[in-house]
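Results of the structural survey
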Amino acid sequence: MPVCCSACEVKNAVLRRPKTGHSLCKECFFWAFEEEVHQTIISASLFRRGETVGIGASGGKDSTVLAHVMKLLNERHDYGLNLILLSVDEGITGYRDDSLETVKRNQQQYELPLKIVSYEELYGWTMDDIVKQVGLKNNCTFCGVFRRQALDRGAMMLHVDKICTGHNADDIAETVLMNFLRGDIARLRRCTFITTGSEGAIPRCKPLKYAYEKEIVLYAYFKKLDYFSTECIYSPNAYRGYARAFLKDLESIRPSAIIDIIHSGENLSVKEDVKMPVQGTCGRCGYISSQKLCKACVLLEGLNRGLPKLGIGKHHKLQHKLLAQEPLTEQEERKLKNVDF
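Parameters at a glance
- Residues numbered from 1 in each chain as written.
- Predicted model: local features only at pLDDT ≥ 70, side-chain atom pairs only at ≥ 80, totals over all residues.
- Heavy atoms only, no water.
- Helix = DSSP H or I, 4+ residues; strand = E, 2+ residues; numbered from the N terminus.
- Rg over C-alpha atoms; globule rule 2.2 N^0.38 Å.
- Contact = heavy atoms within 4.5 Å.
- Areas by Shrake-Rupley, 256 points an atom, 1.4 Å probe, with all protein chains shown as cover.
- Lys, Arg positive; Asp, Glu negative; His and termini not counted.
- Charge placed at Lys NZ, Arg CZ, Asp CG, Glu CD.
- Buried < 20%, exposed > 50% of the residue type's maximum accessible area, 1.4 Å probe, protein only.
- Pairing = 2+ DSSP bridges.
- Right-handed = clockwise from strand over helix to strand, strands pointing away.
- Axes fitted to C-alpha atoms, helices over the stretch in contact; angles between N-to-C directions.
- Phe/Tyr/Trp six-rings, centres within 6.5 Å; stacked < 30°, edge-to-face > 60°.
- Lys NZ or Arg CZ within 6 Å of the ring centre and 35° of its normal.
- Parallel < 35°, antiparallel > 145°, perpendicular 65-115°, else oblique.
- Nonpolar A, V, L, I, M, F, W, Y, C, P; charged D, E, K, R; others polar.

1. Regarding the overall build of the protein chain
Within the protein chain one finds 14 helices and 10 strands. A globule of 341 residues ought to have a C-alpha radius of gyration of about 20 Å, and the protein chain, at 21 Å, matches this closely. Taking the principal axes of the C-alpha coordinates as reference, the protein chain spans close to 75 × 40 × 40 Å. The contacts in the protein chain between residues at least 6 apart in sequence include a share of 67% that link residues at least 24 apart. Of the roughly 17,400 Å² of accessible surface on the protein chain, a fraction of 51% belongs to carbon and sulfur atoms. Positive and negative side-chain charges of the protein chain, numbering 47 and 42 respectively, have mean locations separated by a distance of 4 Å.

Written as structure tokens, this is what we have:
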């Protein structure tokens, strides 16, 4: 027997919202989803009229829904924003080249400008080349560090005021879990912030912070949005995958677990005498860093010298010796060249 929409009480419901349990028709679900994102934007004062905002566009469901909703809300509520799509080409054959074709179609569909920056032009390396050098373990460390910086560099080229990314509630809850398990207090405090980077870098914001991944998928499906759904070919061994699997198990038992974890991260308090890293700038590239050299420069140094372990795990202790042009012992160099890590 058809279930009536619990919002309009006229049409038959087509879905049950994972987030609230309400049964809604398509139109009521669209309105509820869009207005929740609008309320997130308004309550956090994410944007100011006249700002130029770069939308991180990968072609995946999150960034495609973000671009669609940002354009729609910008017009519906008259935000007065200048929106630009910004994509990063990591250089992953059979994955990123295909997803960028989706981004190019999105550009035409949403009638927004598009800028693409690549690892190759910024760093002289593609992810395909990096994986050949470092192997399939820890390759996501390189990609994550380079991608964050590439997005900022692309934003600087476009002179945008802010970057918004498609990070959803599931992503943030996973990050809270990962930082907790690593004992990374500094990142644990920052990872639930809806806006980051205000201390020097171009601010980044997350309009989909409270949107469940399942609802983003449903929204994209019922709206018939054009997005790329294949997972990165280099990500099966990523640490985040284990946090994601654990979170899905928790969600199946208690659907509110995702939001509960986010709220826990938001309300985290740290003792006043706990020493936190001081944000500065990289002495080589000028990018924000709590060390003399940023992580991207250290990783690049290792790649260019054929020492892929430099900057990974405990081997970061050797980076100062290497960058000061001090000779390494034969044992140290052998360890850094060994890619089986």
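Anyway, onward from the coordinates.
2. A word on the pairing of strand 3 (residues 52–56)
Of all the 5 residues making up strand 3, 5 are buried; the element is thus mostly covered by neighbouring parts of the structure. Residues T52, G54 and G56 point to one face of strand 3 and V53 and I55 to the other, with burial holding for every one of them. Where strand 3 meets strand 4 (residues 82–89), 5 bridges bridge the pair, whose relative direction is parallel. Counterpart to T52 in the pairing with strand 4 is N82. Once the chain exits strand 3 it traverses helix 2 (residues 61–76) before rejoining the sheet at strand 4, and the crossover so formed is right-handed. In the sheet, strand 3 pairs with strand 6 (residues 162–164) via 3 bridges, with the strands oriented parallel. Its bridge partner being in strand 6, G54 is matched across the sheet by I163.

3. Looking at the sheet that holds strand 8 (residues 204–205)
Spatial strand order, 5-4-3-6-8-7: 6 strands in an open sheet with mixed pairing. At either margin of the open sheet sits one strand with a lone partner, and together these are strand 5 (114–118) and strand 7 (195–196). Sheet analysis places strand 4 next to strand 5, joined by 5 bridges and oriented parallel. Bridge pairing links L85 to L114 in strand 5. Each of strand 4 and strand 5 touches helix 3 (residues 96–110); the most contacted strand, strand 4, lies at about 165 degrees to it. Along the sheet face, helix 6 (residues 139–158) touches strand 3, strand 4, strand 5, strand 6 and strand 8 and points at about 140 degrees away from the line of strand 4.

4. Notes on the pairing of strand 4
By the criterion of burial, strand 4 is predominantly enclosed, with 6 of the 8 residues buried. Of the crossover connections in this fold, the one passing from strand 4 over helix 3 to the parallel strand 5 is right-handed.

5. As for helix 9 (residues 213–223)
For helix 9, every residue scored as buried is listed here: E213, E215, I216, Y219, A220 and F222. The inward-facing, buried residues of helix 9 abut strand 1 (15–16), helix 1 (26–43), helix 2, helix 7 (169–182) and helix 10 (239–253). Backbone geometry just downstream of helix 9 places K224 in the positive-phi region, at approximately 55 degrees.

6. Some words on the packing of aromatic side chains
If you walk through the whole model with that rule in mind, you get 11 aromatic pairs. Following the ring pairs from residue to residue traces out a cluster consisting of F29, F30, F33 and Y219. It is K223 that lies over the ring of F30; its NZ or CZ is 4.5 Å from the centre.

7. Considering the packing of helix 1 against helix 2
When two helices pack together, their arrangement is given by the angle between the helix axes and the distance between those axes. Between helix 1 and helix 2, the shortest axis-to-axis distance is 10 Å and the interhelical angle comes to 75 degrees. In terms of their interaxial angle, helix 1 and helix 2 are classed as roughly perpendicular. Contact residues: W31, F33, E34, E35, V37, H38 and I41 in helix 1; V65, V69, M70, L72, L73 and R76 in helix 2. Of the residues assigned to the contact of helix 1 with helix 2, the class counts are 9 nonpolar, 1 polar and 3 charged.

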